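If you want the building blocks of each chain, they are given just below.
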Amino acid sequence: CIVFDAKEVEDKYVAAVHTNKHINLIKTISSKKMASKKRNRVANKYDSIYFNKGSSESAYLAAGSVLEVAEKVAKGELNSAFAIVRPPGHHAEESEPMGFCLFNNVAIAANFLLNQKKLGINKILIVDWDVHHGNGTQKMFWKDSRVLVFSVHSDDGSHIMIALDDPLGGCRVTPHADEVQRRKDYHGIRRRYNLNLLANSVLACIEVLLEDKPIAEFVEVYPLESTWRVIKAVRKELSAFWPILVDKSPEELDRRVAPELQIKLLPHHRGVIDNVIMGITSDTLPLSVSIDRLKSETHRFKSEIHGIEDSMHRIKDSVIKIASAISGTRATIGTNLVSSSKPNPKPKLKRLQK
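My aim in this report is to walk through the structure given alongside it, one point at a time.

Thresholds, definitions, all that
- Residues numbered from 1 in each chain as written.
- Predicted model: local features only at pLDDT ≥ 70, side-chain atom pairs only at ≥ 80, totals over all residues.
- Heavy atoms only, no water.
- Axes fitted to C-alpha atoms, helices over the stretch in contact; angles between N-to-C directions.
- Helix = DSSP H or I, 4+ residues; strand = E, 2+ residues; numbered from the N terminus.
- Parallel < 35°, antiparallel > 145°, perpendicular 65-115°, else oblique.
- Contact = heavy atoms within 4.5 Å.
- Patch = residues over 30% accessible without salt bridge, like charges linked within 9 Å, V, L, I, M, F, W, Y side chains within 5 Å.
- Areas by Shrake-Rupley, 256 points an atom, 1.4 Å probe, with all protein chains shown as cover.
- Salt bridge = Lys/Arg side-chain N within 4 Å of Asp/Glu carboxyl O.
- Lys, Arg positive; Asp, Glu negative; His and termini not counted.
- Charge placed at Lys NZ, Arg CZ, Asp CG, Glu CD.
- Buried < 20%, exposed > 50% of the residue type's maximum accessible area, 1.4 Å probe, protein only.
- Pairing = 2+ DSSP bridges.
- Right-handed = clockwise from strand over helix to strand, strands pointing away.
- Core = buried A, V, L, I, M, F, W, Y, C linked by side-chain atoms within 4.5 Å.

## Let's talk about the packing of helix α2 (residues 20–28) against helix α4 (residues 55–74)
Two elements in contact, α2 and α4, have axes separated by 6 Å at closest approach and are oriented at 120°. Relative to α4, the element α2 is oriented oblique. Here I23, I26, K27 and T28 of α2 come into contact with α4, specifically with S56, A59 and Y60.

Right under this line is the structure:
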């Protein structure tokens, strides 16, 4: 690794994606004239925003660092880069900070690269695998056909919107899938709210970028039938903008998709659903409260189902490992028995029994 010091971004590059009013807010929020109480009052106007005396400098350093390493990769000076920065950026919109994000770091860098004609970059794919929807990045490139925003998240957003142990998010992406995504140049990190997981995820990303850690491929990995239907729908929707997706999907996958996991609805789940439906149709509860309750129960129900699926996958993995171990043991025992020239049955029996 080559380690670089953080570098502040210039206002002219920020102004390409943010309004002057927004820039002035971030620039002055940490000034000596801005007392702590006033900062808090300003922060309360926005969704999940917190300011302190280091916010301005941090925002400029985060955006500048992402821009600098992106430029070095684009010029071929680096093979890849990992910007360890805070605050993040994908929720920050053109004129509004949001969701812990002050400047939209990736949007600033992407816009910069596209406008540097000497670099010859005509299209950029932004892969956002945070658990939340990158609303700010999506909106900034909504009408820009040079940028495709691909966001993996568990809240709002859809593939039809063209140009698109975690205790909070609950995404069900397997470590294998994360590793494959990183190998396929989808370099980034899903934001984690567990510090140990965050540290391990950063390490895993950098190991893959340095090609220090090979991917352990499964013998056969095929998508679920429902997943394959979604993939085909996404290809169809985006093919008007990305011609490469017009090509026919691999026909063998249509024949080899994995069957869906069938799980019967447990009796107490039926009771929960019935109670929630009764609550919605009741005149005693406001509609908003009923809807919130339905969302909460639905989320809990999905979590339980996912828990069952996880358990079944773990059992399957264990069975595969055991079968592999047994197969290896049999091969070893067979080789030993065949290669032994001196008959000595008692020790052999002891080893087999053990």
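Read on for the rest.
## Quick notes on a positive patch on the surface
Residues K21, K37, K38, R41 and K45 make up a contiguous surface patch of positive charge. Ranked by the residues each element gives to the positive patch, the list is headed by helix α3 (residues 36–43), at three residues. As for its placement among the helices and strands, K37 is situated in helix α3.

## Concerning the environment of L25
Residue position: L25 is located in helix α2. Remark: the alpha-carbon pair of L25 and S95, spanning 70 residues in sequence, is separated by 9.7 Å. Not counting residues within four places of it along the chain, the set of residues in contact with L25 comprises V42, Y46 and P97.

## What about the pairing of strand β2 (residues 147–151)?
Taking burial as the measure, the five residues of β2 include four buried ones, the bulk of the element. In the sheet, strand β1 (residues 124–128) pairs with β2 via five bridges, with the strands oriented parallel. In the strand pairing of β2, L125 is matched with L148. As for the winding sense of the linkage, the β-α-β connection from β1 through helix α6 (residues 135–140) to β2 is right-handed.

## Quick word on the side chain of S55
By the secondary structure assignment, S55 is in helix α4. Residues contacting S55, with those up to four places away along its chain left out, are I29, S30, Y50 and L102.

## Some thoughts on unusual backbone geometry
Cis geometry is adopted by the peptide bond preceding P87, which originates at R86 and carries an omega value of 5°. Counting through the fold element by element, P87 comes out in the loop between α4 and α5 (105–115). If you check the backbone angles, S48 has positive phi at about 55° while not being a glycine. Assignment of secondary structure puts S48 in the loop between α3 and α4. We note that F100 has phi near 70°; this positive angle belongs to a residue other than glycine.

## Observations regarding the nonpolar core
Soluble globular proteins tend to bury their nonpolar side chains together. The biggest cluster of nonpolar side chains holds 33 residues, and the ones touching the most others in it are V9, I26, F51, F103, I108, I126 and F141. Elements with a contribution of two residues or more to this core: α2, α3, α4, α5, β1 and β2. Among the elements that take part in this core, α5 stands out by supplying seven residues, more than any other. If we ignore the near neighbours within four places in the chain, the residues touching I126 are V106, A110, T137, F141, V147, L148, V149 and F150.

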